[in-house]
Structure formats: structure tokens, C-alpha cells
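# Remarks on the overall topology
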Amino acid sequence: MNHAYVNWIGYRTLMRKELTRILRIWGQTIVPPAITMSLYFIIFGNLIGRRIGDMGGFDYMQFIVPGLVMMAVIQNSYGNMVSSFFGAKFGRHIEELLISPLPNWVILLGYLSGAVTRGLMVGVVVTIVALFFTEIQVHNWLVTLSVVILTAIVFGLAGMVNAIFAQKFDDIAIIPTFVLTPLTYLGGVFYSVSLLPSVWQTVSAVNPILYMVNAFRYGMLGVSDVPLLTSYLIIVGFIIFLGGICLWLLHKGFGLRS
Amino acid sequence: MLALDIRNLKKTYKNGVEALRGVSLQVERGDFFALLGPNGAGKSTLIGIISSLVNPTSGQVTICGHDLNANRAEAMASIGLVPQELNFNQFERPLDIISHQAGYYGIPRKLALERAEYYLRQLALWDKHDKPSRTLSGGMKRRLMIARAMVNKPELLILDEPTAGVDIEIRRSMWAFLNEINAQGTTVILTTHYLEEAENMCRNVAIIDHGNIVENTDIKTLLGKLDVETFVLDLCHPIEQIPQSEGIQFYLRDATTLEASLPKERSLNTLFAALAEHRVEVLSMRNKSNRLEELFMRLVDNGQGKRETAE
């Protein structure tokens, strides 16, 4: 048995299955974020933004584009993983994978690729929507692409942890509602943290999403509230930490095997 | 060579239920093997461990020569599983379900699609291959799970009550398919509550109860243990008096239905001679219950004790 070959075919199959799912339910996966972000652009960028003026040396609409793209990527990479994996667990068709020869890391990689793909697809759609409202520039392509991909990986992994622990559908809504959304809104999507009083700047410094949003904003606009290296270290640190947890949970069969 | 070799397998769940208490079981390659037991006896736990869905507490499982712990990938590549409960994505099409499953076993896309088509045709599901699987009937869904389990051409196919709730026509077509793949060399392990199914199809049998194997032999030897057989006789004319004959016990169910129990060593001619002597004319006769069922009821406690529901 050629393990590498089996794993490769298995990974491609999982990837195809995830992609098919994303495209089959495009009305739930691609369209809603495009509509939501359009509303953000209209309300915050266009109507309110006009009164705000410049931020970080850019007009307000340009300033919030990286933040909103990143917000869409975070929500959708997380949402894809948690709904797809928990759905498979709830419907018991995760057993198709658990009884197969595929090792846990291939299963994780397959689902993660699906999560990152949806995150990036939605990111591209939101960027296209943004083009209707403002000009978009890319200061550094390498930083822009690496940060968006690494951030999608972080939240794909976080979604997997949530899905493994979840027992019912309510459990997969709690984290996005009570943790992810507040952290994203307070992560400098709509403002520069330099505007905050020093106490709140310190509080914001423990919010990991702040580093991701700012690193992405640096990639697009060349401005950031935090050092780029710190952002990369935090993102990679989260990937190692969450990836390790996912593999350990899958190895133990937590919530999957009796 | 053994298709399945289980040594001293134990499973205690977190809630303290001992589902398996040191099960040892060997199944030869090419066998058609029945695993029988009442609800909660430990059948599904045993199948769960073999298919790596349940972690054992201790013991060893070897599938087609591959140790489940040391060579999990090889062991899992050797088996196909048809579970008791439906466990496929009801929103996917049958063709996708089977071709995806093939992919998880390292079968390239083109071959996966060919095999999916072959098994969907074999199980009379091809005309539904592109319909959402939730629209299939109950029998079709069961056949879909058999097709899915076959797509990696397993050496050992395990079916956990595959014919439960399936009408007789579909059940017979499933039996024909299983007999065919067994004749081609696939080892089949079947759990079922239809004991005539086990009697008709399987060569060897193990009966599990309270997490222990209480019987493990071939069907013929097991049936040889049956010392008394009971027949139901439909009579041509009503009778009032019960016939008397040495060694045969009669029971009049109603005026035209008579039950006769006779020891295995006595021939049926003895029974008919006794009936003729009493001028009782028989229209038709049948076994009161399946022979294996009678033995099964003797071997297990028939739910008298409080059964722990581990499955």
C-alpha cells in the first residue's frame, strides 16, 4: 500500500467534496457576505465615512476595505469549517472518513483547505464589491496574500476545534456570536487603535484579530498600528497551537469515536 | 488464513458499562459468518471496534493479517462496513457518495466513477445515481450503503443488520448479491435479527450475550444441538380429542390446528403413523419457529436479566 498516494488521492477527494459543497449552496456561502459587506460599504464607508474624513492617511472608505475583507475571510473560513465538519458529525457521514485508511492529518488538511478556499473566495468577492465604492491599492502583494491565507488557516483550525466539541447546532453559533464577532469589531476593522485612549489600546493589544487586520492593512495600504513581525509571530503561533489541538482531538477521537 | 482475528477484546464505556468482556473470535477467509445476539449484547460495539469507530479498552484485533493498532491504514483498507444506521450525506447524490468513498481509499477519480457505476448497477440503483440521496426509499438507502462499502473491493465485508426494515423482495436481492460476492472470495460477517437469514446464508455463527461469546461454531453443528422440533399441523377436519403417542407431545391450538413436538432422533414417519392411527388428516405443516431461533432463545437469557444497553 502506497500511503503517500492514498493520502494524496484522499486529500484531493476531500477538497473536491468541500468545493462542491461550497458551490452547491452558493446562496448560503458566497452571496450573504457580499450583501452584508455591500451594506457596510454603503453605511459606514459612504454615508458615515464622508463625515469622518481621513484615517491613517487614507480616506475612510479606503481605510476600512482591508478590515472588511479580513472580517469576511475570518467569518467564512471559520463558518465553513464549523458547519461542514459539524454537519458531517451530526449526520454521521464523518464515519466515511473515520473508517477509511486516511490518517487524521489528511482529514484535517482536507477540511482546512475547504475552509481556506471559501474564506478566499468570499475575500475576492468582497474585494470586487469594494471596487464599486473606492479605488483599491496593494502596497505589498506578498504580505497581503500570506496574511490572508494564514489568517484563514487560523480560523479554519479554530472552527474545527469548535465543531469537534459541539454537540448540537446551538454550540456552533455561540463562538461566532459571542467571541468572533466582538473580537473582529474591536480588532481595528473600522478604526485605528491609535484613536483609542491608552487603556483601551492596551486592552486591544491582547486581541489577536487586531494583528491580523493590521498586517493585512499593511499589505494593502502600507500602514499598520502594530509591528508586522509581531503579527506574523502571533498568526503562526496560533496555527501551531490550534493545529496541534485539532490533531490531538482527532487522535483521541474526542466527540467522534466512542 | 484468517480474515478476522480478535483476542481478548474488552470495552468498558465511560459510564461504566462493560460492553465486551474479553471476546475472542476468529473468522476464516471466504467465510459467511453470522454474529448474533440480542439488543445490547455487544454486537455493535464489536463491529465499532473492528471498524475503528470505537476505541477498545484492551485486546487485539487483526484484520486480514494487519494489526489494527500497528497497521491501521492497511487494516482499514481491507474492510467494508455497512452500518446499522444511515450514515451518508442525504444532500449528496449516490454517485458522489460512492465515488468520494472510493477516493478516501486512494482510488483515482476515473476508476472511482467506474466502480461507483458498476456497484450502483449491481444493486439496481443506477437510475437514481444523480438524484439527491434523501429522495431514495429506505431499501434503496440500505443498498446504497452496501454499494459504498464495496467500492474499495474489501476482503472483509461487515454488515450490521443490513436487511432490517427492508421488504422481502429487496431482502432477497440483497441476499443474492451477498452470496455472489462471497462466492467471489469476499469474507462476509453479518449481524441480523432475522435468524432464518443467518441459517440460510451463513456457514459459521457466533452468539454474543452480555459482552461474551456464548457459542461459536458452524451452523450445522449448532442446529445439531436442537433435540426437539415443534411442527404446526393444519388439519383437514376439526378434531376434539388430542391424539396420544409415545414420545410425541401434542397440543391442540384450535379445532383444526395441532402442534406436535417430537425428539430429533424420531422420524416424521412416526408422527404421521400416530396421526393416521387416530384418523387425523393433515392439510399442511410447518415449523413452529425457526430452528436457529429456538436455539438462540436457549443460549441467551431472553432479556430476563436487566440488559445493559451499550449499543
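Residues numbered from 1 in each chain as written. Chains lettered and ligands numbered in written order. Predicted model: local features only at pLDDT ≥ 70, side-chain atom pairs only at ≥ 80, totals over all residues. Heavy atoms only, no water.

Right, let's talk about the packing of aromatic side chains for a bit. Tallying each qualifying case throughout the model produces 11 aromatic pairs over all chains. When the centroid spacing of 5.4 Å and the interplanar angle of 25° are considered together, the rings of Phe41(A) and Phe133(A) count as stacked. Taken together, the residues Phe41(A) in helix H3 (residues 31–52) and Phe133(A) in the loop between helix H6 (104–131) and helix H7 (141–165) connect sequence positions 92 residues apart. Accessibility expressed as a relative area gives 0% for Phe41(A), which makes it buried. Relative accessible area serves as the criterion here: at 28%, Phe133(A) is assigned to the partly exposed category. Note on Phe86(A) and Phe169(A): the rings are 5.0 Å apart at their centroids and 90° apart in plane angle, and the pair reads as edge-to-face. Of this pair, Phe86(A) sits in helix H4 (residues 60–90) while Phe169(A) sits in the loop between H7 and helix H8 (171–185), and the two are 83 residues apart along the sequence. A relative accessible area of 1% means that Phe86(A) is categorised as buried. Grouping aromatic residues by their ring pairs yields a cluster made of Tyr40(A), Tyr185(A) and Phe190(A). Directly above the aromatic system of Phe63(A) lies the positively charged group of Arg217(A), at a separation of 3.7 Å from the ring centroid. Sitting over the face of the ring of Tyr13(B), Lys11(B) holds its NZ or CZ atom 5.0 Å from the ring centroid. (Phe/Tyr/Trp six-rings, centres within 6.5 Å; stacked < 30°, edge-to-face > 60°. Helix = DSSP H or I, 4+ residues; strand = E, 2+ residues; numbered from the N terminus. Buried < 20%, exposed > 50% of the residue type's maximum accessible area, 1.4 Å probe, protein only. Lys NZ or Arg CZ within 6 Å of the ring centre and 35° of its normal.)

We now examine the pattern of salt bridges. The tally for this structure, following the rule as stated, stands at 14 salt bridges over all chains. Between Glu96(A) and Lys17(A) there is a salt bridge; the shortest N-O distance is 3.8 Å. A residue pair is termed long-range when its members are at least 10 positions apart, and Glu96(A) in helix H5 (residues 95–98) and Lys17(A) in helix H1 (residues 3–24) qualify at 79 residues. Relative accessible area serves as the criterion here: at 2%, Glu96(A) is assigned to the buried category. By relative accessible area, which is 8% here, Lys17(A) ends up buried. In this structure, Arg29(B) engages Glu155(B) in a salt bridge whose closest nitrogen and oxygen atoms are separated by 2.5 Å. Here Glu155(B) lies in the loop between helix H5 (138–150) and strand E7 (156–160) and Arg29(B) lies in the loop between strand E2 (18–28) and strand E3 (32–36), a separation of 126 residues in the sequence. The exposure class assigned to Arg29(B) is partly exposed, which follows from its relative accessible area of 34%. (Salt bridge = Lys/Arg side-chain N within 4 Å of Asp/Glu carboxyl O.)

Segmenting chain B into domains produces domain 1 (2–217) and domain 2 (224–296). Computed from C-alpha atoms alone, the centre-to-centre distance between domain 1 of chain B and domain 2 of chain B is 39 Å. (Domains from an automatic or database assignment.)

Further remarks concern the pairing of strand E11 (residues 228–235) of chain B. Residues and elements named next belong to chain B. Most of E11 sits inside the fold, with six of its eight residues counted as buried. Here E11 pairs with strand E13 (residues 257–263) via seven bridges, running antiparallel. The partner of Thr230 across the bridge, within E13, is Ser261. Sheet analysis places E11 next to strand E14 (residues 282–287), joined by five bridges and oriented antiparallel. Within E14, the position partnered with Asp234 by the bridge is Ser284. (Pairing = 2+ DSSP bridges.)

A few words now on the side chain of Arg171(B). Tracing the backbone through its elements, the reader meets Arg171(B) in helix H6 (residues 168–183). Judged by relative accessible area, which is 11%, Arg171(B) ranks as buried.

Our focus in this paragraph is the sheet that holds E7(B). Residues and elements named next belong to chain B. Sheet architecture is open: six strands sit in the order E6-E7-E8-E3-E9-E10, paired in mixed fashion. If you trace the sheet from one side to the other, it starts and ends with strand E6 (79–82) and strand E10 (212–218), each paired once. Adjacent strand axes in the sheet meet at a mean angle of 15° when their direction is disregarded. The pairing of E6 with E7 spans four bridges and is parallel. Pairing of Val82 across the sheet is with Leu159, part of E7. Taken strand by strand, helix H1 (residues 43–50) contacts E3, E6, E7, strand E8 (187–191) and strand E9 (204–209), and its axis lies near 145° from that of E7. Relative to the sheet, H6 contacts E3, E7 and E8, its axis offset from that of E8 by approximately 145°. (Axes fitted to C-alpha atoms, helices over the stretch in contact; angles between N-to-C directions. Contact = heavy atoms within 4.5 Å.)

Residue placement: Ala3(B) occurs in strand E1 (residues 2–12). Setting aside its immediate chain neighbours within four residues, Ala3(B) contacts Val27(B), Glu28(B), Arg29(B), Thr62(B), Ile63(B), Cys64(B), Leu156(B) and Thr187(B).

Quick look at the interface of chain A and chain B now. Facing 26 residues of chain A, the contacting portion of chain B comprises 31 residues. Across the chain A/chain B interface, buried area totals approximately 2,600 Å², and carbon plus sulfur atoms make up 55% of it. In terms of surface lost to chain B, no three residues of chain A exceed Glu96(A), Ile99(A) and Ser258(A), which account for 26% of the buried area on that side. Our enumeration of links across chain A and chain B arrives at two salt bridges. Residue Glu96(A) pairs with Arg148(B) through a salt bridge whose shortest N-O separation is 2.7 Å. Summed over the shared surface of chain A and chain B, the result is 11 residue pairs in polar contact (both at pLDDT 80 or more). Elements that contribute at least two residues to the side of chain A that touches chain B include exactly H1 and H5 of chain A. Tallied by class, the residues present in the side of chain A that touches chain B amount to 11 nonpolar, seven polar and eight charged. (Buried area = accessible area lost by both parts, 1.4 Å probe. Polar contact = N/O pair within 3.5 Å; in protein donor to acceptor, adjacent residues only side chain to side chain. Nonpolar A, V, L, I, M, F, W, Y, C, P; charged D, E, K, R; others polar.)

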